[in-house]
Amino acid sequence: MSGRAASLSRRLPRHLAPAALVLLVVSFGLFLAVEILPGDPASQALGMNAEPERTARLRAELGLDRPPAERYLDWLGGLLTGDFGISALTRQPVGPVIAEHAGRSLVLAAGALAIVVCVAVPAGILAGSRPGTAGDRATSLGALALLSVPEFVLATLLITVFAHGLGWFPPVSLVSGGSGALAEPAKLVLPTVTLAAVAGSFTARLVRAAVAEAAGSPHVEAARLAGIREPAVLARHLLPSVRAPIAQALALAIPYLAGGALVVETAFGYPGLAALVAEAAANRDAVLLGGAGMLLAAVAVTGFWLAELAGRPQWSG
Amino acid sequence: MVRLTPGWLLVAAPGVVAATVALAGPLVVDDAATASRGRPFLPPGPGIPLGTDHLGRDVWSMVLDSGLTLIVLPLVATVIGTLIGASLGLLTGWRHGALGALAVRASELLLVVPPLLITVLALNAASGSGTAVLIVVVALLGVPSTMRFTRAATSAVVHRGYVEHAVAIGERTPTLLVREVLPTVAAPVLADAGLRLVGAIYVIASVSFLGLGGSALGHSWAGMVADNVVGVPLNPWAVVAPAVGIVAVVVSVNLVADRLADTARRSV
């Protein structure tokens, strides 16, 4: 046990390095995109027609008159220590705003991930354990069709039917800041379902493919021929061999959730991290966009990193 | 080769209908048809089969008039991206050098950040100057996948007899790639381009729903959905009609491209 733990701690830095490198490159691209290309945050905040003196004063106030390399390192250091900088628009630190929105996004994403685990994964297993049957084909076709529908279309159709048509849920999920997202669960249902639908069809397809491949393997066939009943074949012979691909499929749902949240949160007016990114882009708030965008990208990269870990034999247990 | 079966027709039909409406619509509709008819969000009635939208315009005429954007822009972006990606894939698959490996590694960076986030950031950097930037970004977003796919397909072809024969008789590399390799990998690459098209429609539609990407995008089925969602209790058709159009296009293209890609992959 201690040997295993020691080998883990020795391996972890090597596994973390590629992900950290990706994040470094992403942060550089993000810095370029929000700070340098279009004119800096000060001129963005004051607009094109502001007097040069005012822009210069704000620039000095925000430390934008320093060389870009120094500002980048400073920003990067701030990200690592949790200091996300001060918005040129609101003159407030953006860290607390980002943290509050991220917390609400986490509630949504956790709910969606729970649906993926409880619905999409079993659906993928059932479809894959008997490949080629009508049930398998229906599941595969449905997942593939759902996967291609943009989230905002799904969101609007759900709002039309379940909020306005049937009146089961509120059409807008604007949860108040103080009480937290969990205080009003009815508002969470539709955004969570929308988010889970797309990520879930992606995961279900991956799980189905892995299970279908394992279902054709000789030892599963042998178990079936030996007259072992189907549930036991599934539990004892099929599933143990696909644990790693299933973990991988789940981890790969995380980037989907992060990307999909951009649209889903905006469509439902849910004040989460991704809606904050979209809002910051619309308001041209560079510092807020940089911080929130970096956090969202980090979530996606983490998902890919976890998937890669799950795919390595020594981790699959 | 691919045969046309009833299954194929069934899967392709909704997309063909929606695309026909989108492509032919602007020819049918004149300025008078898209002028305001009066109050916003009127329910369907005589002369207004799907009611009116947020500006009191006839929804059916607006659907006919604004379908083109979500077909043409993604198509242009996909063609550009496929040309770049397939060329890079052919070259790096032909010669397995350090440069090719580096290109694949670098392209992975584009794959780990959500495409929509990249697009939003790029549009922000472009100061909202819109459609041209959007096409370039969406085209580039498709390049990594196309490149990896073409590279793999090319690598599989390189050592076949007829290619080695052409190398032996001293054909020049560009001639070789175009005459011997390209015809074999063209079908799978085109099928892959279909999947890229779905991705392009997804990103462009989502960006226009978010209200980014310039005024040209506001005039689209996605823009209609965004504009009319407040009026759903009064006239749901103003949202449902363009939404159904988008669903018909993406689902058909995705299902057809997936089948084609499957068949093509088996043939390589």
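Source: prediction; values computed, not measured. (Residues numbered from 1 in each chain as written. Chains lettered and ligands numbered in written order. Predicted model: local features only at pLDDT ≥ 70, side-chain atom pairs only at ≥ 80, totals over all residues. Heavy atoms only, no water.)

So, about the UniProt feature "transmembrane region" (unreviewed entry) in chain A. As recorded in UniProt, the feature "transmembrane region" (unreviewed entry) lies at residues 106–129, 141–168, 246–268 and 288–307 of chain A. The distance separating the terminal C-alpha atoms of residues 106–129 of chain A is 33 Å; by composition the span is 100% helix and 0% strand. (UniProt positions renumbered as here; feature names shortened; annotations may be inferred. Helix = DSSP H or I, 4+ residues; strand = E, 2+ residues; numbered from the N terminus.)

Each pair of aromatic rings is reported with the distance of its centres and the angle of its planes. Residue and element names in this part refer to chain A. Considering all chains together, one arrives at 5 aromatic pairs over all chains under this definition. Ring plane angle 80° and centroid distance 5.5 Å describe the contact between Phe28 and Tyr72, whose orientation is recorded as edge-to-face. Of this pair, Phe28 sits in helix α1 (residues 2–36) while Tyr72 sits in helix α4 (residues 68–81), placing them 44 residues apart in sequence. By relative accessible area, which is 11% here, Tyr72 ends up buried. Aromatic pair Phe202 and Tyr256: ring centres 4.2 Å apart, planes at 25°, arrangement stacked. A residue pair is termed long-range when its members are at least 10 positions apart, and Phe202 in helix α8 (residues 186–215) and Tyr256 in helix α11 (residues 243–268) qualify at 54 residues. (Phe/Tyr/Trp six-rings, centres within 6.5 Å; stacked < 30°, edge-to-face > 60°. Buried < 20%, exposed > 50% of the residue type's maximum accessible area, 1.4 Å probe, protein only.)

So, on to the pattern of salt bridges. Across all of its chains, the model carries 5 salt bridges over all chains by this definition. Among the ionic pairs, Arg104(A) bridges to Glu100(A), the shortest N-O distance being 3.2 Å. Residue Arg104(A) and its partner Glu100(A) are both found in helix α5 (residues 95–129); the two are separated by 4 residues, about one turn of the helix. Residue classification places Arg104(A) among the buried residues on the basis of a relative accessible area of 7%. The class for Glu100(A) is partly exposed, based on a relative accessible area of 38%. A salt bridge links Asp192(B) to Arg196(B); the shortest N-O distance between them is 2.8 Å. Of the two residues, Asp192(B) and Arg196(B) both sit in helix α8 (residues 173–209), 4 residues apart, roughly one turn of that helix. (Salt bridge = Lys/Arg side-chain N within 4 Å of Asp/Glu carboxyl O.)

Ile98(A), Phe152(A), Leu296(A), Leu117(B), Val207(B) and Trp221(B) are the most contacted members of the largest nonpolar core, which has 114 residues in total. Of the residues forming this core, the biggest block, 12 residues, is contributed by helix α13 (residues 286–311) of chain A. Of the domains in this structure, domain 1 (27–83) and domain 2 (99–311) of chain A are the two that each give at least three residues to this core. With residues up to four places along the chain from it excluded, the contact list for Phe152(A) reads Val263(A), Ala205(B), Ser206(B), Phe209(B), Ala222(B), Val225(B) and Ile246(B). (Core = buried A, V, L, I, M, F, W, Y, C linked by side-chain atoms within 4.5 Å. Domains from an automatic or database assignment. Contact = heavy atoms within 4.5 Å.)

All names here are of chain B. Mapped onto the secondary structure, Ala193 falls in helix α8. Look at Ala193 and you get buried, because its relative accessible area is 11%. Sequence separation between Ala193 and Val249 is 56 residues, and the spatial gap between their C-alpha atoms is 15 Å. When neighbours within four sequence positions are excluded, Ala193 is seen to be in contact with Thr78 and Thr82.

All names here are of chain A. Inspection of the secondary structure puts Val189 in helix α8. Judged by relative accessible area, which is 29%, Val189 ranks as partly exposed. Separated by 59 residues in the primary sequence, Val189 and Gln248 have C-alpha atoms spaced 26 Å apart.

Let us look at α4(A). All names here are of chain A. Helix length check: α4 (14 residues) gives 20 Å between terminal C-alpha atoms against 20 Å at 1.5 Å per residue, within 8%. Every buried residue of α4 is listed here: Arg71, Tyr72, Trp75, Leu76, Gly78 and Leu79. End-on view of α4: buried residues confined to an arc of 160°, all on one side of the axis. Structural note: α4 exposes Ala69, Leu73, Leu80 and Thr81 on the side pointing more than 90 degrees away from its buried face. Phi for Gly82, located one or two positions after α4, is positive at around 90°. (Expected span 1.5 Å × (residues − 1). Arc of directions from axis to C-beta.)

This paragraph deals with the UniProt feature "transmembrane region" (unreviewed entry) in chain B. All names here are of chain B. This chain's UniProt record puts "transmembrane region" (unreviewed entry) on residues 68–91, 98–117, 123–143, 197–217 and 237–257. The distance from the first to the last C-alpha atom of residues 98–117 is 30 Å, and the span holds 90% helix and 0% strand. In residues 237–257, the share of helix is 100% and the share of strand is 0%. The end C-alpha atoms are 30 Å apart.

On to the side chain of Asn235(B). Residues and elements named next belong to chain B. As for its position among the elements, Asn235 is in the loop between α10 (221–228) and α11 (237–267). On the basis of relative accessible area, Asn235 is assigned to the buried category, the value being 0%. Discounting chain neighbours no more than four positions away, the residues touching Asn235 are Phe41, Leu42, Pro43, Pro44, Leu50, Gly51, Thr52 and Val59.

Contacts between the two partners involve 35 residues from chain B, matched on the other side by 42 residues from chain A. Roughly 3200 Å² is buried in total at the junction of chain B and chain A, and carbon and sulfur atoms are behind 81% of that figure. By the criterion of area lost to chain A, the three top residues of chain B are Val112(B), Leu121(B) and Asn124(B), representing 17% of everything that side buries. The interface formed by chain B and chain A includes 1 salt bridge. One salt bridge in this structure joins Arg205(A) and Asp258(B), with 3.6 Å as the shortest N-O distance. Applying the counting criterion to the chain B and chain A interface returns 2 residue pairs in polar contact (both at pLDDT 80 or more). Contributions of two or more residues to the side of chain B that touches chain A are made by α4 (98–112), α5 (115–125), α8, α10 and α11 of chain B. It is α11(B) that provides the largest number of residues to the side of chain B that touches chain A, a total of 10 residues. Looking at the side of chain B that touches chain A residue by residue, the classes come out as 30 nonpolar, 4 polar and 1 charged. (Buried area = accessible area lost by both parts, 1.4 Å probe. Polar contact = N/O pair within 3.5 Å; in protein donor to acceptor, adjacent residues only side chain to side chain. Nonpolar A, V, L, I, M, F, W, Y, C, P; charged D, E, K, R; others polar.)

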